[in-house]
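Residue strings, one per chain:
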Amino acid sequence: MSDKMEVNLSGVKQSKGVWLVKVPKYLSQQWDKATERGEVGKITIGKKQDKTEVCFSLNAELSALGAVGEKDGTLQVPRDHPFTMHTVGGQTMAVFSQSDTDEISLEGMVVHRAECRPVVNDSYMKLKKLQIEESTKPQRFSQQLERAITTVFKPVANHDFNVEYEKKKKSEGKMVRAERQVVLDMLFSAFEKHQYYNIKDLVDITRQPVTYLKEIMREIGTYNSKGAHKSTWELKPEYRHYQSAEEEEEMQTA
């Protein structure tokens, strides 16, 4: 739909009055089963004790089709649906329609509001029972297999990231743990340049196994689980002005 669109307001001049009616879900589902120009039912309007009574009667053919979800098709959908009338309540409501070409037209102004309710009988109670059973059915369930599955599915292609990982693994070889002091010197040297690092960057810098590196970082560092530097490591305050053994020796010689 385009941002700018003209609306056909010819319905205003024709002063069309429309009813806004709420219908049960099963009833609208039965209407969808009707043919393109088929009859879905009839509405009768009468008076009883100076009171207007409105009733919708579903077409017999649609009633005999059975409710949606009924397997054997023997369940009859309720046919008679009296209207419960409501006032518009001082609201101004309109009904618009949209064509296949996205043209919007005003169909009319809402003059009556109503609710279409079925007559409570055996057919209606069976229908409600079926709806409750369908809604309480579990979406997932376990099933016992009669025989073991022997089919083994293998990937037909290797993903690009797997190929890249294998190449990197062959070229760099297996990471070997270095002496603890050597790893500490590399870490402190790195943290002199930047305050925050994620574990992947530290692995690239030190060329040490992740588990070994995390073990050392838990002693000298703090992991940020939230905030602006989420998922990064930084040194504890007492380690932020650390000097390596070589630097200390150079300072003493000087």
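Everything in this summary refers to the structure shown in the same document.

What counts as what
- Throughout this description, residue numbers start from 1 for each chain and increase along the sequence as written.
- Selection of residues for local features in this predicted model requires a pLDDT of at least 70, selection of side-chain atom pairs for listing and counting requires 80 or more, and totals for whole chains, interfaces and linings are taken over all residues.
- Each side-chain value is derived from all of the structure's non-hydrogen atoms; neither hydrogens nor water enter the calculation.
- Patches in this entry comprise residues that are over 30% relatively accessible and not in a salt bridge; like charges within 9 Å are linked, as are nonpolar side chains (Val, Leu, Ile, Met, Phe, Trp, Tyr) within 5 Å.
- Using the Shrake-Rupley algorithm and a 1.4 Å probe, accessible areas are obtained, with residue cover drawn only from the displayed protein chains.
- Salt bridge, as used here: a side-chain nitrogen of Lys or Arg that lies within 4 Å of a carboxyl oxygen of Asp or Glu.
- Comment: elements are numbered from the N terminus, with helices defined as DSSP H or I runs of at least four residues and strands as E runs of at least two.
- Take the buried Ala, Val, Leu, Ile, Met, Phe, Trp, Tyr and Cys residues and link them wherever side-chain atoms come within 4.5 Å; each set so joined is a nonpolar core.
- Using a 1.4 Å probe on the protein chains alone, a residue whose accessible area is under 20% of its type maximum counts as buried, one over 50% counts as exposed, and one in between counts as partly exposed.
- Note on definitions: a residue-residue contact is assigned when non-hydrogen atoms from the two residues lie within 4.5 Å.
- Whenever two N or O atoms come within 3.5 Å, that pair is a polar contact, provided that in protein one can donate a hydrogen and the other can accept it, and provided that, for residues adjacent in sequence, both atoms are side-chain atoms.

### Details of a nonpolar patch on the surface
A contiguous nonpolar surface patch, about 460 Å² in accessible area, is contributed by Trp-19, Ile-43, Ile-45, Met-85 and Val-111. Residue placement: Ile-45 occurs in strand 3 (residues 41-48).

### Some remarks on the nonpolar core
General note: in soluble globular proteins, nonpolar side chains tend to be found buried as a group. Leu-187, Leu-202, Ile-216, Met-217 and Ile-220 are the most contacted members of the largest nonpolar core, which totals 16 residues. Elements with a contribution of two residues or more to this core: helix 6 (180-193), helix 7 (199-206), helix 8 (210-220) and strand 9 (232-235). Among residues more than four places away in sequence, those in contact with Ile-220 are Leu-184, Leu-187, Phe-188, Leu-235, Lys-236 and Tyr-239. Judged by nonpolar contacts, the second largest core, of 14 residues, contains Phe-83, Ala-114, Leu-127 and Leu-130.

### A look at the side chain of Gln-208
For Gln-208, the position within the fold is in the loop between helix 7 and helix 8. Residue class for Gln-208 comes out buried when judged on its relative accessible area of 3%. In terms of polar contacts, Gln-208 uses its side chain to reach the backbone amide nitrogen of Ala-178, at 2.8 Å.

### Looking at the pattern of salt bridges
All chains considered together, the criterion is met by 5 salt bridges. Arg-180 is paired through a salt bridge with Glu-219; the nearest N and O atoms lie 2.4 Å apart. With a gap of 39 residues between them, Arg-180 in helix 6 and Glu-219 in helix 8 connect regions that are remote in the sequence. Asp-204 serves as the salt-bridge partner of Arg-207, at 3.8 Å between the closest nitrogen and oxygen. By sharing partners, the salt bridges in this structure join Lys-200, Asp-204 and Arg-207 into a single network.

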